[in-house]
Amino acid sequence: MSDQRGGALLRTMASPERATFLELFFDLVFVFALTRVSQRLITDIDGSGEAMAADVGRTLLLFLVLWHVWTITTWVTSRYEPERVVIQVVVVGTMFGSLVLGVTLPRALEERALPFALAYVLMMVGRPLVILAALRGHPRRTVPLRLAAWAGASAPLWLAGALVPGARLPLWVVALAVDYLGTYLGWPLPRLGSSRIRSWLVAGEHLAERYQQIFLIALGESVLVIGVAYSGERFSRQGAAAFTLAFLVTALLWRIYFHRAGFLLAEALRRAGSPGRLAESAAQTHLVMVLGVLAAAVGYELVIAHPFDPAEPRWLVFVAGGPALFLAARSRFEYEIFGRVSRSRLAGLLALVLLAPVLTAGSALLALGVVAGVLALVAFADVRHARGRPPESSASPIGREMLGEAGPEA
């Protein structure tokens, strides 16, 4: 009887695979949280190059905390019925915890460290424990047990770092490494072994839609940055040009992402013999693409505020580096879907890297215009390549191997 009650929480073949309104509600917090990441990066640019690199590394640490929370929540709603009250409580509780992370993030490595760490630990430990209790005697209960055990192992490091300012950064780096290592290894425990994500049976359409949505959330954060930055500046022709170019770059990132591969992730997951392996790879790729979009958003704010200032190398890290990072990850994404990479994307990436030193001789506005031109050429090459050809189907080389007999946790 307890097995049946616990099993009612699991997704079935009859479960709708589209993202629910609850998940879209959850994502609203991340629009806000990602703006805090961009804002922290903006404030870290004024120092020397070495100081800026250190500050960017600290901000990356905090972003990876947000990403880990979003990713684990997405896997929870992909494996369990989001319409069940228990899962809704878990998601809404995680939503509130994520809001606390967003509020504290700008000063999370300073005076707001304790609420930041507490919110994260309570989510990572509490969420699997609630699901564990709800699953009762179901065989899959060992998965949340593993997650809770690994989160409990890193929790003292997070809390100690919050309470000891001098050791905060190294303790948190180790704690985050433990959390990500657990995910990569499948949270192994003595006797129970591991349960690697790549071996799971996943709701492919649901996961594909969630990855598309987190990318759109990042683009939404960019639009918010563009609007807030320009509305806070004195209106001028130069500012209007920077505002327009920033929006154009954002639209081009959207166009390049969704051209074919962005639409075919769900199909690729359905066709994969081990969809969990492809989903795991796609999660890593989307992490880098989102980072590229966030970095580009920082560049937008700089150019809108200072359109005719010289394009300093530290600015170009964001103005040109963000789109370059996106193109690099988008090339990997194309390989994940089709098993090959378009030359136009590689050419665009190479052009941004090679042009970056030259752009230091011009203004920030000119640099953003060049970046927009490179991305426009990549998008045009996509259109030209697809013209007159039948739509391409997915042919992912990742996850082609068929799963063996699935265990009770699959």
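Look above for the structure.
Residue positions within a chain follow its written sequence, with the count starting from 1. Reporting of local features is limited, given that this is a predicted model, to residues whose pLDDT is at least 70; pairs of side-chain atoms are given and counted only at 80 or more, and all residues count toward the totals for whole chains, interfaces and linings. Side-chain descriptors were evaluated using all non-hydrogen atoms of the structure, hydrogens and water having been removed beforehand.

Enquirer: Please set out a nonpolar patch on the surface residue by residue, giving values where relevant.
Expert: A contiguous nonpolar patch, built from Leu 114, Leu 118, Leu 122, Leu 163 and Val 164 and spanning about 460 Å² of accessible area, is present on the exposed surface. A run of H or I in DSSP becomes a helix once it reaches four residues, and a run of E becomes a strand once it reaches two; helices and strands are each numbered from the N terminus. The biggest single contributor to the nonpolar patch is helix 5 (residues 113-135), with three residues. Relative to the helices and strands, Leu 114 resides in helix 5. Note that patches include only residues with greater than 30% relative accessible area and no salt bridge, and the join distances are 9 Å for like charges and 5 Å for nonpolar side chains (Val, Leu, Ile, Met, Phe, Trp, Tyr). What sets the accessible areas is the Shrake-Rupley method with a 1.4 Å probe; for residues, cover comes only from the shown protein chains. Salt bridges are counted wherever a side-chain nitrogen of Lys or Arg sits within 4 Å of a carboxyl oxygen of Asp or Glu.

Enquirer: So what's going on with the packing of helix 3 (residues 49-79) against helix 7 (residues 168-185)? Which residues, and what values?
Expert: Geometry is summarised by axes, namely lines fitted to C-alpha atoms with helices restricted to the contacting stretch, and by angles between N-to-C directions that run from 0 to 180 degrees. Following both chains from N to C, one finds helix 3 and helix 7 inclined at 30°, their axes separated by 11 Å at the closest point. The angle between helix 3 and helix 7 falls in the class roughly parallel. In this structure, helix 3 meets helix 7 at a crossing whose hand is left-handed. For the pair formed by helix 3 and helix 7, the contact residues are Arg 58, Leu 61, Leu 62, Leu 64, Val 65, Trp 67, His 68 and Ile 72 on the first element and Leu 169, Trp 172, Val 173, Leu 176, Asp 179, Tyr 180 and Thr 183 on the second. Angles are sorted into four bins: roughly parallel if under 35 degrees, roughly antiparallel if over 145, roughly perpendicular if 65 to 115, and oblique for all others. Each crossing gets its handedness from the near helix: less than a right angle anticlockwise from the far helix is left-handed, clockwise is right-handed. Throughout, a contact is declared for two residues whenever any of their heavy atoms are within 4.5 Å.

Enquirer: Account for the packing of aromatic side chains, naming residues and giving values.
Expert: Between 30 and 60 degrees the pair is tilted, below 30 it is stacked and above 60 it is edge-to-face, where a pair is any two Phe, Tyr or Trp rings, Trp via its six-membered ring, whose centres lie within 6.5 Å. Under the defined criterion, the tally for this structure stands at 14 aromatic pairs. Centroid distance Phe 215 to Tyr 257: 4.1 Å. Interplanar angle 20°. Geometry classified as stacked. Taken together, the residues span a long stretch of sequence, with Phe 215 in helix 8 (residues 204-231) and Tyr 257 in helix 9 (residues 237-258) at a distance of 42 residues. The same class applies to Phe 215 as to Tyr 257, namely buried. Ring-pair connections join several aromatic residues into one group, and the members of that group are Phe 215, Trp 254, Tyr 257, Phe 258, Phe 263, Phe 326 and Phe 333. Exposure categories follow from relative accessible area, calculated using a 1.4 Å probe and restricted to protein chains: below 20% of the type maximum is buried, above 50% is exposed, and the middle band is partly exposed.

Enquirer: Give a description of the pattern of salt bridges that names residues and reports values.
Expert: Scanning all chains against the criterion turns up eleven salt bridges. One salt bridge connects Arg 345 with Glu 334, and the closest N-O pair in it is separated by 3.8 Å. Here Arg 345, found in helix 14 (residues 343-359), pairs with Glu 334, found in helix 13 (residues 321-338); they are eleven residues apart in sequence, far enough to count as distant. Judged by relative accessible area, which is 1%, Arg 345 ranks as buried. Given a relative accessible area of 3%, Glu 334 falls into the buried group. The partner of Asp 382 in a salt bridge is Arg 345, and the shortest N-O contact between them spans 2.8 Å.

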